[in-house]
Structures are given as structure tokens and as C-alpha cells.
Amino acid sequence: MEWKVNNEKYDIGSLNDNERTELYRQCRENKLQIECLCQSNNNVFPKLHIKHNKNSGLFYPANNPSNSKKSINHSDDCIFNTYFRQHLKSKGILLNEEGKFVCVIKRKKNANGKTGSAATSSLTKRSETEQRNSVITSQTALRFLFLTLVQKYGVNRYIPSQQRNVHKRLYKAFCDTLINKKELKDIGYLAHEKYRYNYKKHQLVVGIGNRTDIEKEPGTVFYNIPLFALNNPSEKAMDLKVPKWIYEKATFTQANVNFGYFLLWRDYDQQDTLRDLELVFVPAEKETMIPIDSSFEEIMLCHLYNKKIQFKKPLVMVDGDDYLPDFILDQKLPHTVIEVAGLLHNEEYKTHLELKQQHYQSKGYKYLEWDVRRDLKAVIKDII
Ligand SMILES: [Zn+2]
């Protein structure tokens with residue numbers, strides 16, 4: 001999240017709590033104009049303003065109504081974009097007035113009678129249809145929520161001059177999230193070289209590791225997952241031990257990538273004891289810790305990173321997964337969508353990719369496609 005206030009640029013994700021509150025207060029008191037730098041509309045940026053809640057004493061940013069009157073839009077992945085908020089809501093995540101994500105993850109009986117977790121937004125007055133629509137099917141809830149959190153403070157974005165600070169950015173996103181009415185910063189654990197996991201308290205465990213390091217503990221029903229620190233990936237933070245049935249049910253994705261995030265969701269049983277419930281693996285590129293969907297995406301990402309080209313890897317956008325670009329180069333206007341075309345021998349895939357190209361071009365993006373059967377350098381030389 002980048003803003004321009006009084007001609008000065010701010011990376012909101014890199015500010016600490018006090019700095020952020022102070023900036024909001026100054027903006028509010030001095031009626032300073034805030035521009036959201038998510039995207040420019042013919043060199044005009046969407047405006048934000050700061051609201052103040054007298055009861056809580058909190059300041060928080062809000063979309064300025066003048067934008068829609070002038071047809072100025074926030075980008076497809078900006079949390080101030082109305083359609084983006086609606087998309088999150090349809091997936092069970094509500095963005096409340098203070099900009100916090102609110103969702104419910106509960107054990108839910110599936111059609112086949114097995115229990116799994118599902119997220120529903122915690123709106124109170126909802127019709128049954130609405131409620132049904134807001135339930136994420138089992139095992140996608142956790143992944144979707146995590147990707148939303150990764151995107152919130154730009155972990156999915158590479159800016160050569162910026163510090164990565166993955167732990168710090170995720171922690172900020174945790175501070176902005178309520179699961180089952182509890183602050184995620186209190187019930188979530190982000191693997192860290194100093195802070196320790198507390199199995200009596202933490203419900204969401206997030207760390208990074210390699211799935212080839214997972215081993216079955218001899219003579220037990222447990223699998224051991226070595227988790228590394230998000231603030232220092234070369235330091236081991238803990239050994240996460242999960243029971244066999246959790247490991248066997250885990251969602252690992254098809255991607256041929258071994259490195260990534262491990263997410264463990266835990267909840268209280270009827271005896272009020274915290275139990276491990278669900279394990280999810282989210283593949284990621286090792287240097288940047290940006291989530292990826294395939295080994296070809298990893299090659300593209302590394303190429304951009306090594307050439308110090310600014311990009312973002314969209315994880316959640318208004319049009320859902322069907323029209324989610326693989327990469328967006330967002331330093332120069334117009335922004336360029338890059339599609340990593342891994343299955344061009346498949347007719348159905350090819351047709352869908354053509355639709356995607358039309359869709360992006362109609363939104364004003366430049367379009368670049370890498371047919372993975374061709375040499376990457378030959379394709380990308382035009383944009384460097
Ligand atoms: Zn914006």
C-alpha cells in the first residue's frame with residue numbers, strides 16, 4: 001500500500017503502529033489530501049481520506065466518494081476498490097470500516113459427513129442464501145485467507161529499493177484480522193527465531209520450509225515438518241509435529257515446487273482442548289518468499305528479481321481466479337500483464353488464455369505471454 005501525502009511518498013506497510021497512527025492523525029487534523037498510488041487513471045490517482053472513530057479513538061483510511069463521481073478507480077487488488085471488497089465478501093471475508101478482515105472459520109459438516117473448516121463472514125443479518133454463498137468450501141478457506149493477508153502489505157510485490165520484511169508485513173496483516181472474533185495477532189504464530197510457538201494458545205501457525213524435509217517420526221503416528229523463521233529463513237524456528245491423518249489430508253497443490261509456507265489451523269474441541277485440524281502448503285519462491293503456482297512461474301519470478309524489475313504477483317483480484325494475471329509489471333504505465341503459458345498444447349487452455357488476453361487489454365494493460373517452450377530471454381527482452 002503506497003500513498004502520496006503532500007507530495008511525499010509513504011509505504012504504509014513499512015510504518016510501525018505509532019508512525020501510522022501519527023500519519024493518519026496529521027492527515028485528519030490538517031485535512032491533507034491522500035492519493036492511493038495503486039493505479040493512475042490518466043495521471044490522476046484515487047483519493048482517500050481519514051476517518052476518526054470517537055468511541056475507539058482510532059483513525060482509519062477510507063475511499064473518497066469523489067472518486068466514483070469522477071470515474072476514478074482503485075486497482076483491481078486495492079482494498080479500497082469496492083468490487084475487490086465484494087469479491088472478498090463472496091469468499092467469506094468481510095472488510096470492516098476500520099479496514100480489518102473479519103471472518104469465521106469453523107468446523108463444518110461437508111456433504112459427505114466429514115468435518116472440515118469453512119470460513120463465513122460474520123455478518124449477523126443475512127439471508128440463508130447469502131450465508132450459503134459466503135461459505136468457502138473446506139480446505140480453500142485457509143489458503144484464500146492467507147493469500148489475502150500476504151497481499152495486504154505487499155509481500156507479493158517486489159520493489160528493488162524496498163526491504164522485504166516478510167515477517168513484519170505479515171504481522172501487520174495479522175494485526176488487521178479477526179478470526180472467530182479473536183485478534184489474529186493473539187492467536188496466530190508467525191515462525192520467528194526468537195518468539196516461540198505456544199500450543200496452548202496459537203490457532204494459526206505459519207512458517208516456511210521444504211516439503212522434502214518432512215519425515216515420519218519412527219514408531220509414532222506423527223510427521224515432523226521443520227519450520228524456518230519468517231524473519232530469517234536460514235534459522236530453524238521449530239519442528240511442527242502433525243498427526244498422520246492431518247498430514248495425509250493436507251492440500252499441497254499440483255505445483256512442482258518444494259519450498260513454501262506451511263499453514264496449520266487448530267481449533268477447540270468440545271472438551272475445550274486445542275486440536276490440529278488442517279494443514280495447507282502454499283508453494284513460494286525462496287529468495288522473495290512470494291507465493292507461486294508452478295515451477296515455470298518460479299523461473300519467471302527469478303528472472304524479474306535478478307534483473308531488478310519491479311513487479312507484483314497478484315493473489316486475489318476482483319475478477320476471481322479465472323482472470324488472475326500471473327505477474328504485473330507496475331513500474332511503468334501502462335502496466336504489463338505477464339502470463340506464463342505452460343500448457344499451450346492444450347486447446348481448452350489456449351482458448352481461455354485468449355479470453356484472458358482480451359480481458360486484460362480491455363482494461364488497458366499491455367500483454368506479454370511466455371510460451372514456456374520458448375527461451376524466456378528472447379520473449380522478455382522488449383520490456384527491459
Ligand atoms: Zn487504491
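Enquirer: Looking at this structure, I do not really get the coordination of the zinc ion. What am I missing?
Expert: Perfect tetrahedral coordination of a metal by four donors corresponds to 109.5 degrees between them, and perfect octahedral coordination by six donors corresponds to 90 or 180 degrees. Looking at the zinc ion, one finds its protein donor set to be Cys-36 (SG), Cys-38 (SG), His-74 (ND1) and Cys-78 (SG), positioned 2.1 to 2.4 Å from the metal centre. Relative to the metal, the four donor atoms surrounding the zinc ion lie at angles of 104 to 115 degrees, and the coordination shape comes out tetrahedral. Mapped onto the polypeptide sequence, the residues donating to the zinc ion form the spacing pattern C-x1-C-x35-H-x3-C. Here Cys-36 is found in strand 3 (residues 34–36), whereas its partner Cys-78 is found in the loop between helix 2 (66–69) and helix 3 (82–90), with 42 residues between them in sequence. Residue Cys-36 shares its accessibility class with Cys-78, and that shared class is buried.

Enquirer: Sorry, what's going on with the domain arrangement of the protein here?
Expert: Frequently, the measure chosen for interface size is the accessible area removed from exposure when the parts meet. Segmenting the protein into domains produces domain 1 (2–74), domain 2 (84–283) and domain 3 (295–383). Distance between the C-alpha centres of domain 1 and domain 3: 30 Å.

Enquirer: Looking at this structure, how should I read the packing of helix 5 (residues 141–152) against helix 6 (residues 166–175)?
Expert: Axis angle and axis distance: for two packed helices, these are the angle between their axes and the distance between the axes, and together they describe the pair. For the pair helix 5 and helix 6, interaxial distance at closest approach is 8 Å and the crossing angle is 115 degrees. Relative to helix 6, the crossing made by helix 5 is right-handed. Residues Phe-146, Leu-149, Val-150 and Lys-152 of helix 5 touch helix 6, and the partners they reach there are Leu-170, Ala-173 and Phe-174. Residue composition of the contact of helix 5 with helix 6, grouped by class: six nonpolar, no polar and one charged.

Enquirer: What is the right way to look at the pattern of salt bridges in this model?
Expert: Pairing between side chains of opposite charge can happen when their charged atoms approach one another. Applying the stated criterion to the full structure yields 22 salt bridges. With a closest N to O distance of 2.7 Å, Arg-25 and Glu-22 form a salt bridge. Taken together, the residues span about one helical turn, with Arg-25 and Glu-22 both in helix 1 (residues 17–29) at a distance of three residues. Residue Arg-25 is classed as partly exposed on the basis of its relative accessible area of 27%. Assessed through its relative accessible area of 33%, Glu-22 is described here as partly exposed.

Enquirer: In this structure, what is going on with helix 9 (residues 295–306)? I would like to understand it.
Expert: Quick reminder: α-helices carry 3.6 residues per turn. Residues three or four places apart thus point the same way. Between its first and last C-alpha, helix 9 extends 16 Å over 12 residues, near the 16 Å set by a 1.5 Å rise per residue. For helix 9, the full list of buried residues reads Glu-297, Met-300, Leu-301, His-303 and Leu-304. Buried residues of helix 9 fall within an arc of 160 degrees about the axis and therefore sit on the same side. Those residues of helix 9 hidden inside the fold are in contact with strand 9 (157–158), strand 19 (311–312), strand 20 (327–329), strand 21 (336–341), strand 22 (366–371) and helix 11 (376–380).

Enquirer: Just to check I follow, could you spell out the sheet that holds strand 2 (residues 8–11) for this structure?
Expert: What holds strands together in a sheet is hydrogen bonding between their backbones, with the strands either parallel or antiparallel. Reading across from one edge, 2-1-3-4-5 is the order of the five strands in this open sheet, with antiparallel pairing throughout. Of all the strands in the sheet, the pair left with one neighbour each is strand 2 and strand 5 (59–63). Going from strand to strand, the sheet's axes swing by 40 degrees on average, the running direction of each strand aside. The pairing of strand 4 (residues 47–52) with strand 5 spans five bridges and is antiparallel. Each bridged residue has a counterpart across the sheet, and for His-52 the counterpart in strand 5 is Phe-59. The strands touched by helix 1 are strand 1 (2–5), strand 2, strand 3, strand 4 and strand 5; relative to strand 5, the strand with the most contacts, the crossing angle is about 65 degrees.

Enquirer: So what exactly am I meant to see when it comes to the environment of Ile-225 here?
Expert: Position of Ile-225 relative to the elements: it lies in strand 15 (residues 222–228). Note: C-alpha distance between Ile-225 and Met-238 (13 residues apart in sequence) is 8.4 Å.

Enquirer: Whenever I open this one, the side chain of Asn-53 confuses me. Can you help?
Expert: Its place among the elements puts Asn-53 in the loop between strand 4 and strand 5. One polar contact links the side chain of Asn-53 to the main-chain amide nitrogen of Asn-55, over a distance of 2.9 Å. Within polar-contact distance, the side chain of Asn-53 engages the backbone nitrogen of Ser-56 at 3.2 Å. Setting aside chain neighbours within four positions, we find Asn-53 in contact with Leu-58, Tyr-60 and Glu-98.

Enquirer: Which parts of the structure should I look at to understand the packing of aromatic side chains?
Expert: By the definition in use, this model includes 13 aromatic pairs. Here the aromatic rings of Tyr-223 and Tyr-247 are separated by 4.1 Å at their centres, their planes lie at 20 degrees, and the arrangement is stacked. Of this pair, Tyr-223 sits in strand 15 while Tyr-247 sits in helix 8 (residues 244–249); the two residues are 24 residues apart in sequence, bridging distant segments of the chain. A residue is classified by how much of its surface remains accessible, and Tyr-223, at 15% relative accessible area, is buried. Centroid distance Tyr-247 to Phe-252: 5.8 Å. Interplanar angle 70 degrees. Geometry classified as edge-to-face. Here Phe-252 falls in the buried class, since its relative accessible area comes to 18%. Ring pairs connect the aromatic residues Tyr-223, Tyr-247, Phe-252, Phe-262 and Phe-281, which therefore count as one cluster. Across from the ring centre of Phe-101, 5.0 Å away, lies the NZ or CZ of Lys-152, which sits over that ring. Against the face of Phe-327 rests Lys-313, its NZ or CZ located 5.4 Å from the ring centre.

Reading the values: rules and limits
Residues numbered from 1 in each chain as written. Predicted model: local features only at pLDDT ≥ 70, side-chain atom pairs only at ≥ 80, totals over all residues. Heavy atoms only, no water. Donors = N, O, S within 2.8 Å, 3.2 Å for Na, K, Ca; no water. Tetrahedral: all angles 85-135°; square planar, octahedral: opposite > 155°, others 65-115°. Helix = DSSP H or I, 4+ residues; strand = E, 2+ residues; numbered from the N terminus. Buried < 20%, exposed > 50% of the residue type's maximum accessible area, 1.4 Å probe, protein only. Domains from an automatic or database assignment. Axes fitted to C-alpha atoms, helices over the stretch in contact; angles between N-to-C directions. Left-handed = near helix turned anticlockwise from the far one by under 90°. Contact = heavy atoms within 4.5 Å. Nonpolar A, V, L, I, M, F, W, Y, C, P; charged D, E, K, R; others polar. Salt bridge = Lys/Arg side-chain N within 4 Å of Asp/Glu carboxyl O. Expected span 1.5 Å × (residues − 1). Arc of directions from axis to C-beta. Pairing = 2+ DSSP bridges. Polar contact = N/O pair within 3.5 Å; in protein donor to acceptor, adjacent residues only side chain to side chain. Phe/Tyr/Trp six-rings, centres within 6.5 Å; stacked < 30°, edge-to-face > 60°. Lys NZ or Arg CZ within 6 Å of the ring centre and 35° of its normal.

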